Amino acid sequence: MTSEKLHDVRLHVNGSVHEVRVPARRLLSDALRHDCGLTGTHVGCEHGVCGACTILVDGAPVRSCLMFAVSAVDAEITTVEGLTEADGSLSPVQQAFSDCHGLQCGFCTPGFLTTITAGLRDNPDPSEDEAREMIAGNLCRCTGYQNIVKSVLRASQIQGGTKGEMQGEIQEERG
Amino acid sequence: MKPAPFAYLRPTTLEEALAALAGEQGAKVLAGGQSLVPLLSMRLAAPSMLVDVNGLPDLDHVHCDPSGVRIGALARHAHVLGSVEAAEVQPLLALALSHVAHPTIRNRGTTVGSIVHADAAAEMPMVLRLLEGSVDVMSVRGRRTIPAAELFAGPLESTLAHDELAVEAFFPALPAGAGVAFQEIARRHGDYALVGVAALVETDGDEVTRARVGFVSVSDVPVVVDVTHALDAPATAALAELDPAEDIHATAAYRAHLVSVLTPRVVAAATDHARSRAREVSPA
Ligand SMILES: Cc1cc2nc3c(=O)[nH]c(=O)nc-3n(C[C@H](O)[C@H](O)[C@H](O)COP(=O)(O)OP(=O)(O)OC[C@H]3O[C@@H](n4cnc5c(N)ncnc54)[C@H](O)[C@@H]3O)c2cc1C
Ligand code: FES
Ligand code: FES
């Protein structure tokens, strides 16, 4: 069997450069996990349905299982590892998931965190319906979504939005 | 599940892309990858080469003028949906695009790619067909325009030759006195429709002069039925021409039921839209 042609690809991930050598068919999700060692990006379905592999490409959420690493040359990539603040503390969305029990097993969480981070940038003060719409493309098998919706509103509140304030339950949890 | 090996080319000029497509019988275009990559991963397709067009210049436009909206091959669904001008020139674009997948998929998937992919469960091929738009394609032999009526050949099959690259889709503007509406039933908003229905109704201000209805996920190609002469029973007229398909998502009878519920609703909504636009243009 002849060996498969490999491509030298320079990936820009979370502000660092990763030089990887991969076949053209290497999914970006696999390149991040196996070639860059960034295993925060999870892989569930590998056909775009579950959202576990969602990352930010030039700031916009995309499915990393539906991109090839070779196609990502010109892109600025942010994975869940890149969401933490510069001083190592949790980002507002991460903090909100912790506050509101937005995760159970945590498998779906990286995809939710990246999706919501970008969602709140576009709509910093979502209503509950808009929060539901924001996460509608991601599947969670554990939480029933209630606490994830709460986390969206809580994160908005931490970031300075106002609608979260109106949610009594969240107010209580803030203590 | 992983794709089988393929050669990969990321051309930076149109000439290079067209030469590659012409030179390799088994080559396929890679646009947003939102339909192609799953097919490769499931090994339902195994092209010998992918020509990744994402590096080509000047193809991500959404141009609007009084005749209609021209959408370039690299314009993402999200970009088209975000265009206020496009929604004014042809409101059915945004109405339908808001039902195309989830926002994350729309950030990457292209509207032209969706049309060329020719999925009868997809919204935009039907919308192009209903509005009587067209697609411009290029190959080493030159450029040609394919009217929507000649574009869809069968399930996931368009009439492009293997070496043709779709460069632009054209959606005609909504004429004065005309209205549109779109509704679909999906198991979860953003999922493929069990049935989707759009209507284009033209009036002379009061009377309906022409009414057509398009259907998503009913047959294996996008279908449009003229109901101009059946305005009091558009669903009956539509069902006479449709043969709803059965699959794991819905029985044929359930699809027929959805057609019978949604068709009168969208025809009525499009008629209201037409009349309110007519009033705006000529206040009584
Ligand atoms: C989870 C999920 C849900 C989805 N739900 C919906 C939905 O509800 N409704 C819907 O309509 N779509 C849906 N989609 C599909 C999505 O809209 C895709 O964007 C679209 O079908 C294909 O566009 P693309 O740019 O990604 O094309 P690609 O996947 O890159 O290509 C698709 C096909 O078209 C060909 N092609 C693409 N561009 C060109 C071109 N310019 N010239 C010649 N050939 C070309 C490719 O060779 C390939 O055969 C969904 C996708 C996913 C992953
Ligand atoms: S692993 Fe990418 S969407 Fe499921
Ligand atoms: S927390 Fe377990 S899948 Fe979402």
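Residues numbered from 1 in each chain as written. Chains lettered and ligands numbered in written order. Predicted model: local features only at pLDDT ≥ 70, side-chain atom pairs only at ≥ 80, totals over all residues. Heavy atoms only, no water.

### Brief notes about helix α9 (residues 234-241) of chain B
Residue and element names in this part refer to chain B.
- Taken together, the buried positions of α9 are occupied by P234, A235 and A238. End-on, the buried residues of α9 take up no more than an arc of 95 degrees, which puts them together on one face. Every exposed residue of α9 that faces more than 90 degrees away from the buried side is listed here: T236 and A240.
- Looking at the buried positions of α9, the neighbouring elements they touch are β13 (208-216), β14 (223-226) and α10 (252-281). (Buried < 20%, exposed > 50% of the residue type's maximum accessible area, 1.4 Å probe, protein only. Helix = DSSP H or I, 4+ residues; strand = E, 2+ residues; numbered from the N terminus. Arc of directions from axis to C-beta. Contact = heavy atoms within 4.5 Å.)

### A look at the packing of α9 of chain B against α10 of chain B
All names here are of chain B.
- Interhelical geometry of α9 versus α10 gives an angle of 135 degrees and a closest axis separation of 8 Å. Here α9 lies oblique to α10, going by the angle between them. Judged by the sense of rotation from one axis to the other, the crossing of α9 with α10 is right-handed. Every residue of α10 that contacts α9 at P234, A235 and L239 is listed here: A256, V259, S260, T263, P264 and V267.
- Split into classes, the residues belonging to the contact of α9 with α10 amount to seven nonpolar, two polar and no charged. (Axes fitted to C-alpha atoms, helices over the stretch in contact; angles between N-to-C directions. Parallel < 35°, antiparallel > 145°, perpendicular 65-115°, else oblique. Left-handed = near helix turned anticlockwise from the far one by under 90°. Nonpolar A, V, L, I, M, F, W, Y, C, P; charged D, E, K, R; others polar.)

### As for the confidence of the model for chain A
- This prediction gives chain A a mean pLDDT of 92; 91% of its residues lie at or above 70.
- Counting contacts from residues 168-175 of chain A, a segment whose pLDDT is below 50, to residues more than four positions away or on other chains yields 14 contacts. (pLDDT = per-residue confidence, 0-100.)

### A look at the side chain of E123 of chain B
All names here are of chain B.
- With respect to the helices and strands, the residue E123 is situated in helix α8 (residues 123-130).
- Buried and unpaired, E123 has R106 as its nearest opposite-charge partner, separated by 8.5 Å.
- Not counting chain neighbours up to four residues away, the residues in contact with E123 comprise A96, H99, V100, F182, E184 and V216. (Lys, Arg positive; Asp, Glu negative; His and termini not counted. Salt bridge = Lys/Arg side-chain N within 4 Å of Asp/Glu carboxyl O.)

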